[in-house]
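# Observations on chain architecture
Read off the chains here:
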Amino acid sequence: MTLALGCIADDYTGASDLANTLTRAGLRTVQTIGVPADDLNLPEVDAVVVSLKSRSIEAGLAVSRSRAAEKWLRGRGASHVLFKICSTFDSTDAGNIGPVMDALRADCGEAVVLVTPAFPETGRTVYQGNLFVGAVPLNESPLKDHPLNPMHDSNLVRVLARQSKTQIGLVDLATLARGAEAVHARLAELSGKGIGAAIIDAVFDRDLETIGLVAAEHRLSVGASGIGLGLARALVSTGKVKSATTSSDHRAAVGGQVACLAGSCSQATLQQIANAERVMPVLRLDPDRILTGANETQRALDWAKERLAQGPVLIASSATPADVAALQARHGRDAAGHAIEQTMADIAESLVKAGVRRLIVAGGETSGAVVDRLKIPGFLVGVEIAAGVPVLRAVGAEKAGMLLALKSGNFGGAQFFSDAIGLMR
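Treat the numbers as computed from the prediction; the structure is a model and nothing was measured. (Residues numbered from 1 in each chain as written. Predicted model: local features only at pLDDT ≥ 70, side-chain atom pairs only at ≥ 80, totals over all residues. Heavy atoms only, no water.)

Our next topic: the packing of aromatic side chains. Each aromatic ring pair is characterised by the separation of its centres together with the angle its planes make. The full count for this structure, using the stated rule, is one aromatic pair. Lying over the aromatic face of Phe-204, Arg-206 brings its terminal NZ or CZ to 4.4 Å of the ring centre. Over the face of the ring belonging to Phe-416 we find Lys-407, whose NZ or CZ atom lies 5.7 Å from the ring centre. (Phe/Tyr/Trp six-rings, centres within 6.5 Å; stacked < 30°, edge-to-face > 60°. Lys NZ or Arg CZ within 6 Å of the ring centre and 35° of its normal.)

Here you go:
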């Protein structure tokens, strides 16, 4: 295997989003869960997205896991590695974006790293170094209230400077608009001043193509799926990759029982759950019962087993931001998050053992916990359910052929769960 592009994603839903984006752009792509074992049989591909659950863990552990992933990717020929982060730059002053970027930059010897979470197609733009969600700055949008990584500063130069050991610069939109050579010149100027990373503006889809052309000539970049799209287009346009004919996975339908699990507390997911209640049974878990040792897992399984033969079911631990804050105040942020994630993983494991072969999971942390528990080593990328959310077909002996959809909380339309079920045959 000789890779044209290697990618390290800091959570599983973000990895699926990126793998979907690369596939749509013409790159043959596989998503793995963690660094692949030597005996995992992967097809010949252009890009591998190594999924890590490293966004909200201790920074040192995130660094060591990311470095191991980079070593694996470089060993398979990847001259460029993208460290894929959330399009809302989810992190805290302790990391983990800055520490991981610093370590990967040191390992590959990159002088200056381009950084942008922009993806105009999904409403994420960067102007003068400030991240916007739609028409408003991130810190004025509903997305600022992530339960683990709240984002209350839209100025990414400041945000990244608080996390990184290097100085952070800016490549503004006016420079970007003058083309790739102007961006190269600006990066050389910043590097000459000892600046090791630069936030780059992007407001229009065409901006990503310029960014991709520049980034592809470096060894490392940091960003969301937008920069991945730019890199993919650059690789195709320069002839480094022959564009593959994108197609859905046409293998035999999986069939069998289907279940949905929702752990995200985003407004988008809360609305999707409310809409799902009109077309399928929905069970809302009691988070206090989870935290106080009551057997919510068994209650959920008993409830589901009574209904799965009749059609899809949805089990949700999602709650409003106010309810989440109150729960964290009673039990502690980390304890509450961990207990709920593990409960959802327990439920998923038991549902699969009971015969569920199609599983839809909403929420990055929830998806990570579920996939880790199911011990799925990787996925082939199928049809797109919604922007950034493909159907995934599991690889590996035990769960091979099982279909999953892993959705970031903010992704998907109002009828996402019904849409997903319709495409996961």
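So, next bit.
Across the sheet, which stays open at both edges, the three strands sit in the order S6-S7-S8 with antiparallel pairing between neighbours. Looking at the sheet topology across the chains shown, the edges are occupied by strand S6 (124–127) and strand S8 (136–137). Across two bridges, the pairing between strand S7 (residues 130–133) and S8 is antiparallel. The residue bridging Phe-132 from the neighbouring strand is Pro-137, located in S8. (Pairing = 2+ DSSP bridges. Helix = DSSP H or I, 4+ residues; strand = E, 2+ residues; numbered from the N terminus.)

As a further point, take the pairing of strand S14 (residues 313–316). On S14, burial covers both faces: Val-313 and Ile-315 on one face and Leu-314 and Ala-316 on the other are all buried. Summarising the sheet, strand S12 (residues 257–262) and S14 pair through four bridges and their orientation is parallel. Among the inter-strand pairings, Cys-260 is bridged to a residue of S14, identified as Leu-314. By the bridge criterion, three bridges tie strand S13 (residues 282–284) to S14 in an arrangement that is parallel. Note that in S14 the partner of Arg-284 across the bridge is Ala-316. (Buried < 20%, exposed > 50% of the residue type's maximum accessible area, 1.4 Å probe, protein only.)

With that settled, consider the nonpolar core. Among the nonpolar cores identified, the biggest contains 121 residues, and Phe-89, Ile-315, Leu-351 and Leu-359 are the most heavily contacted of them. The dominant element in this core, judged by the number of residues it contributes, is helix H13 (residues 333–353), at eight residues. Apart from the residues lying within four places of it in its own chain, the contact partners of Phe-89 are Ile-97, Val-115, Pro-117, Leu-131, Met-151, Leu-156, Val-159 and Leu-160. Grouped together as the second largest cluster of nonpolar side chains are 23 residues, Met-280, Ala-362, Ala-386 and Leu-403 included. (Core = buried A, V, L, I, M, F, W, Y, C linked by side-chain atoms within 4.5 Å. Contact = heavy atoms within 4.5 Å.)

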